[in-house]
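A look at the structure
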Amino acid sequence: MQNTRISTIVNVVSGQISRWSRQSWRRSSLILISLLMGFFLASVISTSTGAKSNLDIEAAAITVFIVEMISRFTYSTKRVTLADGNLAPRKLTHEMLNSLKIGVTYGLFLEAFKLGS
């Protein structure tokens with residue numbers, strides 16, 4: 001890839017965020033925010049598609065497709081084994097996407113229980 005200004009900015013910002021998130025409390029808070037954002041996204045999906053009931057099937061298909069792609073992205077990458085035999089922690093983006101997926105799934109289950117279906 002060429003070394004353009006935008007690629008340089010993206011690389012610098014991603015490096016700064018990576019260094020910033022190495023502290024366990026910051027990492028945990030970002031993962032928790034991602035989980036809550038997924039929960040909020042689930043209520044938005046169910047509310048907006050349930051208003052007219054025109055897009056229920058399409059929204060469900062798109063949601064399942066996105067959830068499965070996140071699962072494939074998260075779990076298909078190989079994890080590195082450290083010298084002491086333990087597995088290295090996953091990347092922050094993988095953990096945030098996985099927690100977003102968990103939040104969406106949990107939120108949709110909760111919406112289904114609220115509707116009684």
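Everything in this summary refers to the structure shown in the same document.

Basis of the calculations
Residues numbered from 1 in each chain as written. Predicted model: local features only at pLDDT ≥ 70, side-chain atom pairs only at ≥ 80, totals over all residues. Heavy atoms only, no water. Helix = DSSP H or I, 4+ residues; strand = E, 2+ residues; numbered from the N terminus. Rg over C-alpha atoms; globule rule 2.2 N^0.38 Å. Buried < 20%, exposed > 50% of the residue type's maximum accessible area, 1.4 Å probe, protein only. Patch = residues over 30% accessible without salt bridge, like charges linked within 9 Å, V, L, I, M, F, W, Y side chains within 5 Å. Areas by Shrake-Rupley, 256 points an atom, 1.4 Å probe, with all protein chains shown as cover. Salt bridge = Lys/Arg side-chain N within 4 Å of Asp/Glu carboxyl O. Expected span 1.5 Å × (residues − 1). Contact = heavy atoms within 4.5 Å.

What follows concerns the overall build of the protein chain. Across its full length, the protein chain holds four helices and zero strands. Each helix and strand of the protein chain, ordered N terminal to C terminal, gives the series α-α-α-α. Here the C-alpha radius of gyration of the protein chain, 18 Å, is well above what a compact globule of 117 residues would show, namely 13 Å. Seen through its principal axes, the protein chain has C-alpha atoms that stretch 50 × 40 × 25 Å. Relative to its full complement of 117 residues, the protein chain shows a buried share of 20%.

All right, on to a nonpolar patch on the surface then. Together, Met37, Phe40, Leu41 and Val44 give the surface a local cluster of nonpolar side chains, amounting to about 370 Å² of exposed area. Tracing the sequence through the fold places Met37 in helix α2 (residues 24-50). For Met37, a relative accessible area of 47% gives the class partly exposed.

This brings us to helix α4 (residues 92-115). Helix length check: α4 (24 residues) gives 34 Å between terminal C-alpha atoms against 34 Å at 1.5 Å per residue, within 8%. Residues of α4 that are buried include every one of Leu92, His94, Asn98, Ser99, Lys101, Gly103, Val104, Gly107 and Glu111, and no others. Those residues of α4 that are buried lie in contact with α2 and α3 (56-76). At the C-terminal side of α4, Gly116 shows a positive phi close to 80°.

Moving on, we come to the pattern of salt bridges. For side chains bearing opposite charge, pairing can occur when the charged atoms are close. Across all of its chains, the model carries two salt bridges by this definition. Of the charged contacts in the structure, one is a salt bridge between Arg27 and Glu95, with a shortest N-O distance of 3.3 Å. Of this pair, Arg27 sits in helix α2 while Glu95 is found in helix α4, placing the two residues 68 residues apart along the sequence. Under the relative-accessibility criterion, Glu95 is labelled partly exposed at 23%.

Structurally, Thr49 is set in helix α2. Setting aside residues no more than four positions away along its own chain, Thr49 makes contact with Asn54, Leu55, Asp56 and Ala59.

Summarising the element assignment, Val104 is placed in helix α4. We classify Val104 as buried; its relative accessible area is 6%. In the structure, Val104 is positioned 66 residues away from Gly38 in sequence and 4.5 Å away in space, judged by C-alpha atoms.

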